[in-house]
Every structure is written in C-alpha cells, then in structure tokens.
Amino acid sequence: MSSTKPSRARRIEAIDPGGEPICRLTPEGARGRRAPIDRVLAQGTFEPRDAGYEIRLPAGDESWALANAFAEEEASCCTALALEL
C-alpha cells in the first residue's frame, strides 16, 4: 500500500487586486492574531524575491498550520495581496 502525502500547496487570491497596497490591521487585530508575523519569522527564514517575499518554515504539520493561519489572517487585512503556500 502506498502512503503518498497530499501536495501541500495553496493559493489565496487577492480579495481586491486593484486595491491600494495598504494594511487594515488594527492594534486590537494584531493582538488577537493566531499567527503573528514575529512568531512566523522566529520559526522560519525571510527573504525578499522579485515578486514579493518568501518565508520558509521547517517541514511538518505544525509549520503548515502556522503558515495557513498566517496567510488567512494576512489576506483578510491586506486585501491587495495574493499569497501562496
């Protein structure tokens, strides 16, 4: 029996691709985040790329859950961003 793992790939399209590249995150919203950027950056590496930025986290279910939570929260406050996991 083969134990093939499903592909861990996901794309979150920009909610407002023509919108202003602004962040709607409030201080209250930042305090309530499940995956704040400082936690993501403490667990991974961050590098600028031609089309944006790349954050690499260690392999594993915990990192995948953290990346998904971060992407969902980021997409809701920065509606002009498209995100790929």
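The coordinates are above.
All values reported here derive from a predicted model rather than from experimental measurement.

What counts, and at which threshold
Residues numbered from 1 in each chain as written. Predicted model: local features only at pLDDT ≥ 70, side-chain atom pairs only at ≥ 80, totals over all residues. Heavy atoms only, no water. Salt bridge = Lys/Arg side-chain N within 4 Å of Asp/Glu carboxyl O. Helix = DSSP H or I, 4+ residues; strand = E, 2+ residues; numbered from the N terminus. Buried < 20%, exposed > 50% of the residue type's maximum accessible area, 1.4 Å probe, protein only. Contact = heavy atoms within 4.5 Å. Core = buried A, V, L, I, M, F, W, Y, C linked by side-chain atoms within 4.5 Å. Disulfide = S-S within 2.5 Å.

(A) Expanded view of the pattern of salt bridges. Scanning the entire structure with this criterion turns up 11 salt bridges. For arginine 34, the salt bridge is made with glutamate 72, and the minimal N-O distance between the two is 3.4 Å. Of the two residues, arginine 34 is situated in the loop between α1 (27-31) and α2 (37-43) and glutamate 72 in helix α3 (residues 61-77); the sequence distance between them amounts to 38 residues. Taking the shortest distance from any N to any O, the salt bridge between glutamate 54 and arginine 56 comes out at 3.0 Å.

(B) How the structure looks around the side chain of threonine 79. Mapped onto the elements, threonine 79 comes out in the loop between α3 and β4 (83-84). You can call threonine 79 buried: its relative accessible area is 8%. Dropping the residues within four chain positions of it, threonine 79 is found in contact with Ala14, Ile15, Asp16, Pro17 and Arg24.

(C) Region of the structure containing the nonpolar core. Counting residues in each nonpolar core, the largest one holds five residues, listed as Ala35, Val40, Leu66, Ala69 and Phe70. No other element matches α3, which puts three residues into this core. Contacts of alanine 35, omitting those with residues within four sequence positions, involve Val40, Leu66, Ala69, Phe70 and Glu73.

(D) View of the state of the cysteines. Applying the stated criterion to the full structure yields zero disulfides. No disulfide involves cysteine 23; its sulfur sits 3.3 Å from that of cysteine 78, the nearest cysteine. For the unlinked cysteine cysteine 77, the closest cysteine sulfur is that of cysteine 78, found at 3.5 Å. On the basis of relative accessibility, which here comes to 5%, the residue cysteine 77 falls in the buried class.

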